[in-house]
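Single-letter residue listing:
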Amino acid sequence: MNKLIVTGSNGLIGSEVVAYFDALGWQVFGVDNNMRREFFGEKGDTRWNQRRLEATCKHITYYELDIRDRAGVLALLDQVKPDMIVHAAAQPSHDLAATRPFDDFDVNAGGTLNMLEATHRIAPEAIFVHMSTNKVYGDRPNTIALAELDSRWDYSDPAYANGIDESFSIDQSKHSLFGVSKVAADVLVQEYGRYFGMRACCLRAGCLTGPHHSGVELHGFLSYLIRCNVEEREYTIYGYKGKQVRDNIHSYDVARCIELFYEHPQSGAVFNLGGGRANTVSILEAFERVEQLTGKPMHYHYDDQARVGDHICYISNLSHLRESLPGWDITKSLDDIFEEIVVSWRERLR
Ligand SMILES: NC(=O)c1ccc[n+]([C@@H]2O[C@H](COP(=O)([O-])OP(=O)(O)OC[C@H]3O[C@@H](n4cnc5c(N)ncnc54)[C@H](O)[C@@H]3O)[C@@H](O)[C@H]2O)c1
């Protein structure tokens, strides 16, 4: 039986990966200490998701381990000797990092180093998949020429018609401290691939989403927006007239990508991974979609101050991914994503 370690296994991506590989018959070892609750308070609590998986998965073992615990991580790798590691534990918020710089860096950069070095020492043949982010590009995407349309911004430079690819510079732009800790993790993963030959990759994600996100204002764009609508709570738009564009990918399509990377591994690979142009939505457009689904009006407040380093328009170019991982593509449309998240919040808030 193949063995998989998933860090951040109670979170959006971790939980999807646990369920996906459990269904494929892998033996799965989940690592999570519910630090999302510590970061975001009660609404960020991910225990409900852990309970859901423990009730539905056949081959899952949970470890209440902090990835900052270097000795604990080494002991876990030694005990499991995994065939693959999916590293999805993180402090995931751009904004929160400014007030918790040490926690942010220790979890995102230090935790990743712990996972990499333990893998290198104990299971060097294992496949290592790291969840990186488009925030490694800092606010440089905001330098691309834009056109203002009725409900969204879009690139007016034809070079970006299909989105931003992996050759885009990560240097000399404003990242937020979160972006910096994720750059550190991203280049560490590349280095363990290039220097040590480990079969490791970075998935630089756009907006990851799905019904199992514990969305809060500071992290989880669509999950939080839809929750506000379902609960009839006020949503705050920060700047850019609410026309800022995100590309959204369902966590299921991330899990499929990881399975294909396992089948076609490379050393030190970098992929932009998002919903692509077809799955883009602006905040104003998301309001309209969710209102149509629930029949409830969106209550919102506009704050002219944009979030520091927020992308005005971000679309992932998926060409490199599609070419490298034959058979991979988006299977969940924006309609599917909205419907699943609405259903999930209705059930969870009952
Ligand atoms: N959600 C997005 O839109 C998005 C976008 C780009 C990149 N990413 C990246 O993808 C990854 C997964 O994101 P997600 O949305 O699933 O996040 P999430 O917050 O839902 O899940 C992360 C999990 O990691 C756990 N965790 C945090 N610190 C830990 C620690 N020290 N030890 C053990 N567990 C810890 C949390 O409790 C949580 O359950 C992260 O690396 C994130 O930066 C997410």
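Above this note sits the structure.
Described in the following lines is the structure provided in the data block.

This part covers helix α4 (residues 70–80). Turning to α4, its buried residues number three or more, namely Gly 72, Val 73, Leu 76, Leu 77 and Val 80. The buried residues of α4 all sit within an arc of 135° when viewed along its axis, so they share a single face. Exposed side chains of α4 directed beyond 90 degrees from the buried face belong to Arg 70, Ala 71 and Gln 79. Those residues of α4 hidden inside the fold are in contact with β1 (3–7), β2 (27–31), β3 (60–63), β4 (84–87) and α5 (101–122).

In a regular helix each residue adds 1.5 Å, so 13 residues correspond to 18 Å; helix α8 (residues 251–263) covers 19 Å between its end C-alpha atoms and thus fits that length. Along α8, the residues that are buried comprise Ser 251, Asp 253, Val 254, Ala 255, Arg 256, Cys 257, Ile 258, Leu 260 and Phe 261.

This part is about the site of the ligand. Around the ligand, the structure places 30 residues, and the nearest of them are Ile 13, Asp 32, Arg 36, Asp 66 and Lys 182. Here Asp 66 contributes a side-chain N or O atom positioned 2.9 Å from a nitrogen atom of the ligand. Relative to its unbound accessible surface of 830 Å², the ligand loses 97% to contact with the protein. Listing elements by their share of the shell around the ligand, those giving two or more residues are α1 (12–23), α2 (35–40), β5 (127–133), α6 (176–194) and β9 (207–209). Looking at which element gives the most residues to the shell around the ligand, the answer is β5, with three residues. Of the residues contributing to the shell around the ligand, the split by class is 15 nonpolar, 11 polar and four charged.

This part covers the packing of aromatic side chains. Counted by the stated rule, this structure contains 15 aromatic pairs. Seen from their ring centres, Tyr 192 and Phe 196 are 4.9 Å apart, and the 45° between their planes marks the pair as tilted. When its relative accessible area of 40% is taken as the criterion, Phe 196 is described as partly exposed. Through successive ring pairs, a cluster of aromatic residues spans Tyr 20, Phe 21, Trp 26, Tyr 252 and Tyr 262. The ring of Phe 221 is capped by Arg 246, whose NZ or CZ atom sits 5.2 Å from the centre of that ring. Positioned over the ring face of Trp 345 is Arg 348, at 3.9 Å from the centre of the ring.

Moving on to unusual backbone geometry. Of note, Asn 34 is a non-glycine position whose phi angle comes to about 55°, a positive value. Inspection of the secondary structure puts Asn 34 in the loop between β2 and α2. Unusually for a residue other than glycine, Gln 172 sits at a positive phi of about 55°. With respect to the helices, strands and loops of the structure, Gln 172 is situated in the loop between β7 (153–155) and α6.

Calculation rules
- Residues numbered from 1 in each chain as written.
- Predicted model: local features only at pLDDT ≥ 70, side-chain atom pairs only at ≥ 80, totals over all residues.
- Heavy atoms only, no water.
- Buried < 20%, exposed > 50% of the residue type's maximum accessible area, 1.4 Å probe, protein only.
- Helix = DSSP H or I, 4+ residues; strand = E, 2+ residues; numbered from the N terminus.
- Arc of directions from axis to C-beta.
- Contact = heavy atoms within 4.5 Å.
- Expected span 1.5 Å × (residues − 1).
- Near = heavy atom within 4 Å.
- Polar contact = N/O pair within 3.5 Å; in protein donor to acceptor, adjacent residues only side chain to side chain.
- Areas by Shrake-Rupley, 256 points an atom, 1.4 Å probe, with all protein chains shown as cover.
- Nonpolar A, V, L, I, M, F, W, Y, C, P; charged D, E, K, R; others polar.
- Phe/Tyr/Trp six-rings, centres within 6.5 Å; stacked < 30°, edge-to-face > 60°.
- Lys NZ or Arg CZ within 6 Å of the ring centre and 35° of its normal.

Remember, this is a structural readout, not a statement about activity or role.
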